[in-house]
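Breakdown of the fold
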Amino acid sequence: MIQIAGVRSDVQMGQAVIEDLCRYINDNGELNERYLYYAIASVKDGEQKPYENIGNEGVVASVVTKEEIRPKTIGQKGYVEAIEKNDIVFSIGPAGTGKTYLAVAKAVSYFKRKIVSRIILVRPAVEAGESLGFLPGDIRAKVDPYLRPLYDALHDMMAADKIKKLMETGIIEIAPLAFMRGRTLNSAFVILDEAQNTTSAQMKMLLTRLGEFSKAVITGDITQIDLANKQASGLLHAKRILTSIKGIEFIYLNEKDVVRHRLVQEIIKAYEKHEAKKDRQKVN
């Protein structure tokens, strides 16, 4: 038996958290720290049954854990549902919110269900605040460091030999954004990752590559723009001019959707607080 004493509103929140955690433990057999913090934050924000509202529907099975990859927050669930309902989805949020990982999971799911016949994974080759200097090797060796997060996600969901074979035949393609110019991408699931580092011209170019029976997911973190002129970001520009088009949906994730170490949430909040303070000082 658990007894809770205190102010009525606090007791009600405490009860809601405990009931939600019991549902989680009943389904999963254990409780991890990440979900504990998520449940508390969700109930504080007025969500009485966060675990029930996330649901238990998987996206695709992991070849590493053999378990279904599924949304872990209500925000992530909304993201996955948006991909099902729309042909173009923009996912904007901080690091660790599953933007890229869930997009790749949906791409693999669509491919396995034969909804699309190709997976195209794209990233702009922009250095993240540091100069890497000269990179040796052929063109693939030069761009691979920029595309590594996409490889990592893909290898969680498909066997390595299968990925190698599909890449050799061009069914799975991982390429820098510049390689997309002049192409038409039919029956493809296209993911543009790190879209905050595109220019508006590059964003337009990628979006207008979309052919018949294709779907595009564009992911980015507008707090980590590495372009010299941050206001020139193609993601910010798209956010201003494309929100009213039917079939395009913008999903906004926040620190509550972070599924990495719990300290990542605190780090994100600290940086947001610092940036907000700087913005206020500029105004004054």
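Residues numbered from 1 in each chain as written. Predicted model: local features only at pLDDT ≥ 70, side-chain atom pairs only at ≥ 80, totals over all residues. Heavy atoms only, no water.

1. Remarks on the overall build of the protein chain
We apply this condition: In this text, helices come from DSSP runs of H or I with a minimum length of four residues, and strands from runs of E with a minimum of two, each type numbered from the N-terminal end. Summary of the burial criterion: residues with accessible area below 20% of their type's maximum are buried, those above 50% are exposed, and those between are partly exposed, where the area comes from a 1.4 Å probe applied to protein chains only. By definition in these notes, contact holds between two residues if any of their heavy atoms fall within 4.5 Å. Values of accessible area rely on a 1.4 Å probe in the Shrake-Rupley scheme; residue burial ignores everything except the protein chains shown.
Across its full length, the protein chain holds 10 helices and eight strands. Taken over 284 residues, the protein chain has a buried fraction of 41%. Counting only contacts in the protein chain whose residues sit at least 6 apart along the sequence, the fraction spanning at least 24 positions is 69%. In the structure as shown, the protein chain presents an accessible area of about 15,800 Å², 52% of it carried by carbon and sulfur atoms.

2. Some thoughts on the sheet that holds strand S5 (residues 172-176)
Counted only if it meets this: The criterion for strand pairing is that DSSP finds at least two bridges linking the strands in question. In this analysis an axis means a line fitted to C-alpha atoms, helices contributing only their contacting stretch, and an angle means the value between N-to-C directions, from 0 to 180 degrees.
As summarised here, the arrangement of the six strands in space is S5-S4-S6-S7-S3-S8, forming an open sheet in which the pairing is parallel. The outermost strands of the open sheet, each flanked by one partner alone, are S5 and strand S8 (248-252). When the angles between neighbouring strand axes are averaged without regard to direction, this sheet yields 15°. Here strand S3 (residues 88-92) pairs with strand S7 (residues 215-220) via five bridges, running parallel.

3. Some points on the packing of aromatic side chains
Spelled out, the test is: Classification of ring pairs rests on two measures: the distance between centres of Phe, Tyr or Trp rings, Trp counted by its six-membered ring, which must be within 6.5 Å, and the angle between planes, read as stacked under 30 degrees, edge-to-face over 60 and tilted in between.
One pass over the full model with this rule turns up three aromatic pairs. Ring centres of Phe90 and Phe250 lie 4.4 Å apart, and the angle between their planes is 5°; on these two criteria the pair is classed as stacked. With Phe90 in strand S3 and Phe250 in strand S8, this residue pair connects regions lying 160 residues apart in the sequence. Pair check on accessibility: Phe90 and Phe250 agree, each one buried. Ring centres 6.5 Å apart and planes at 20° place the aromatic pair Phe250 and Tyr252 in the stacked group. Residue class for Phe250 comes out buried when judged on its relative accessible area of 13%. Tyr252 sits in the partly exposed class, given a relative accessible area of 44%. Grouped by ring-pair contacts, the aromatic residues Phe90, Phe250 and Tyr252 constitute a single cluster.

4. A closer look at the confidence of the model for the protein chain
Detailed reading of the predicted coordinates is not advisable wherever pLDDT falls low. Test applied: The pLDDT score gives, residue by residue, the confidence of the prediction method on a 0 to 100 scale.
Model confidence for the protein chain is summarised by a mean pLDDT of 84, while 90% of its residues fall at 70 or above. Confidence drops under pLDDT 50 across residues 127-135; counting only partners more than four residues distant or on other chains, this segment forms 10 contacts.

5. Section: the side chain of Lys215
Note that Lys215 resides in strand S7. Ignoring anything within four residues of it in the chain, the contact list for Lys215 reads Ile83, Glu84, Asn86, Asp87, Tyr110, Ala188, Phe189, Val190 and Leu210.

6. Let's talk about the pairing of strand S4 (residues 118-123)
The buried fraction of S4 amounts to five of the six residues, a majority that puts the element mostly inside the structure. Across five bridges, S4 lies against strand S6 (residues 188-192) in parallel orientation. Looking at the pairing, Ile119 lines up with Phe189 of S6. Strand direction decides the pairing type here: S4 and S5, joined by five bridges, are parallel. Note that in S5 the partner of Arg123 across the bridge is Pro176.

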